[in-house]
Amino acid sequence: MIHPIFELTEWLERQKEHTLLISKQEFVTGKNEIMDHDQVRLQLKDVSVRSIEHHDEDDYLADQEIILHGQGMVRTDIGESELPQGVYEIPLFGEVKTINEAEAMKVETEKAIYTIQVH
C-alpha cells in the first residue's frame, strides 16, 4: 500500500505547470461540521514537504505540510485576493487519507478536506 503523503506528492509533481483548483472545507474543532470553505486557483510551479522537528503539543502546527508554490488567487466568504507569498500550504494533521480520482485528488485530514482538481 502506498503511503498517502507519498501518493499525494507524486501526483502533485505530475501536475507542475498546470492550473489547479483547490477546494478546502475546514471542520469545526472536534466535530464533523464544516465551518469554512475556501477555493484557490493556482498555477503550480513546485511542490515541497515541510516537517517540524518537534511535535507541537498544542496542535497549532502540523507535523508535516505540503507546500504548493506558484501564483494564484484565493476566494473566501469575504472576497477574492492574491495568494500570499506565492504558496499554498496543506497542513497534514492526524491520519491522512487520499482518494485519487481521474483528474483530481481528495485529501482528508483531521481538520479539513481538500479537493484538488486539474483545470
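Up top is the structure.
Residues numbered from 1 in each chain as written. Predicted model: local features only at pLDDT ≥ 70, side-chain atom pairs only at ≥ 80, totals over all residues. Heavy atoms only, no water.

**A closer look at the layout of surface pockets**
To find leftover empty space, a probe the size of one water molecule is rolled over the atoms.
Here is step 1 of the chain: Approximately 180 Å³ is the volume attributed to the second largest pocket.
Here is step 2 of the chain: Breaking the lining of the second largest pocket down by element, the ones donating at least two residues are strand E1 (19-27), strand E2 (34-51) and strand E3 (64-76).
Here is step 3 of the chain: Its residues assigned to classes, the lining of the second largest pocket shows five nonpolar, three polar and three charged. (1 Å grid on protein atoms, 1.4 Å probe; cavity = no way out; pocket = protein on both sides within 12 Å on 5 of 7 lines; lining within 4 Å. Points joined across faces, edges and corners; volume = space filled by probe spheres on them. Helix = DSSP H or I, 4+ residues; strand = E, 2+ residues; numbered from the N terminus. Nonpolar A, V, L, I, M, F, W, Y, C, P; charged D, E, K, R; others polar.)

**Digging into the pattern of salt bridges**
Here is step 1 of the chain: Summed over the entire model, instances satisfying the criterion amount to seven salt bridges.
Here is step 2 of the chain: Linking Lys-16 and Asp-46 is a salt bridge whose minimum nitrogen-to-oxygen distance equals 3.1 Å. Here the residue Lys-16 occupies a position in the loop between helix H1 (4-14) and E1, and Asp-46 occupies one in strand E2, the gap between them amounting to 30 residues.
Here is step 3 of the chain: In this structure, Arg-50 engages Glu-65 in a salt bridge whose closest nitrogen and oxygen atoms are separated by 2.2 Å. Of this pair, Arg-50 sits in strand E2 while Glu-65 sits in strand E3, and the two are 15 residues apart along the sequence.
Here is step 4 of the chain: Since its relative accessible area comes to 40%, Arg-50 is described here as partly exposed.
Here is step 5 of the chain: One salt-bridge network, held together by shared partners, links Glu-13, Lys-16 and Asp-46. (Salt bridge = Lys/Arg side-chain N within 4 Å of Asp/Glu carboxyl O. Buried < 20%, exposed > 50% of the residue type's maximum accessible area, 1.4 Å probe, protein only.)

**Remarks on the packing of aromatic side chains**
Here is step 1 of the chain: One pass over the full model with this rule turns up zero aromatic pairs.
Here is step 2 of the chain: The lysine or arginine in question, Lys-111, covers the ring of Phe-93, its NZ or CZ lying 4.2 Å from the ring centre. (Phe/Tyr/Trp six-rings, centres within 6.5 Å; stacked < 30°, edge-to-face > 60°. Lys NZ or Arg CZ within 6 Å of the ring centre and 35° of its normal.)

**So, unusual backbone geometry**
Here is step 1 of the chain: One non-glycine residue, Glu-17, lies in positive phi territory at about 75 degrees.
Here is step 2 of the chain: Examined against the element boundaries, Glu-17 turns out to sit in the loop between H1 and E1.
Here is step 3 of the chain: Of note in this structure, Gln-85 is not a glycine but carries a positive phi near 55 degrees.
Here is step 4 of the chain: Among the structural elements, Gln-85 can be located in the loop between strand E4 (79-82) and strand E5 (87-92).

**Description of the environment of Leu-68**
Here is step 1 of the chain: Inspection of the secondary structure assignment puts Leu-68 in strand E3.
Here is step 2 of the chain: For the pair formed by Leu-68 and Ile-90, sequence separation is 22 residues and the distance between their alpha carbons is 8.1 Å.

**A word on the nonpolar core**
Here is step 1 of the chain: Counting residues in each nonpolar core, the largest one holds 24 residues, and the members touching the most others are Leu-12, Ile-22, Ile-66, Leu-68, Tyr-88, Ile-90 and Ile-116.
Here is step 2 of the chain: Mapped onto this core, the elements with two or more residues apiece are H1, E1, E2, E3, E5, strand E7 (104-108) and strand E8 (112-118).
Here is step 3 of the chain: With residues up to four places along the chain from it excluded, the contact list for Leu-68 reads Leu-12, Ile-22, Leu-42, Leu-44, Asp-46, Val-47, Gly-86, Val-87, Tyr-88 and Ile-90. (Core = buried A, V, L, I, M, F, W, Y, C linked by side-chain atoms within 4.5 Å. Contact = heavy atoms within 4.5 Å.)

**As for the side chain of Glu-65**
Here is step 1 of the chain: Its relative accessible area of 13% is what places Glu-65 among the buried residues.
Here is step 2 of the chain: Each residue touching Glu-65, except ones within four places of it in the same chain, is listed here: Ser-48, Val-49, Arg-50, Glu-89, Ile-90, Pro-91 and Leu-92.

All we've got here are geometric facts, nothing functional implied.
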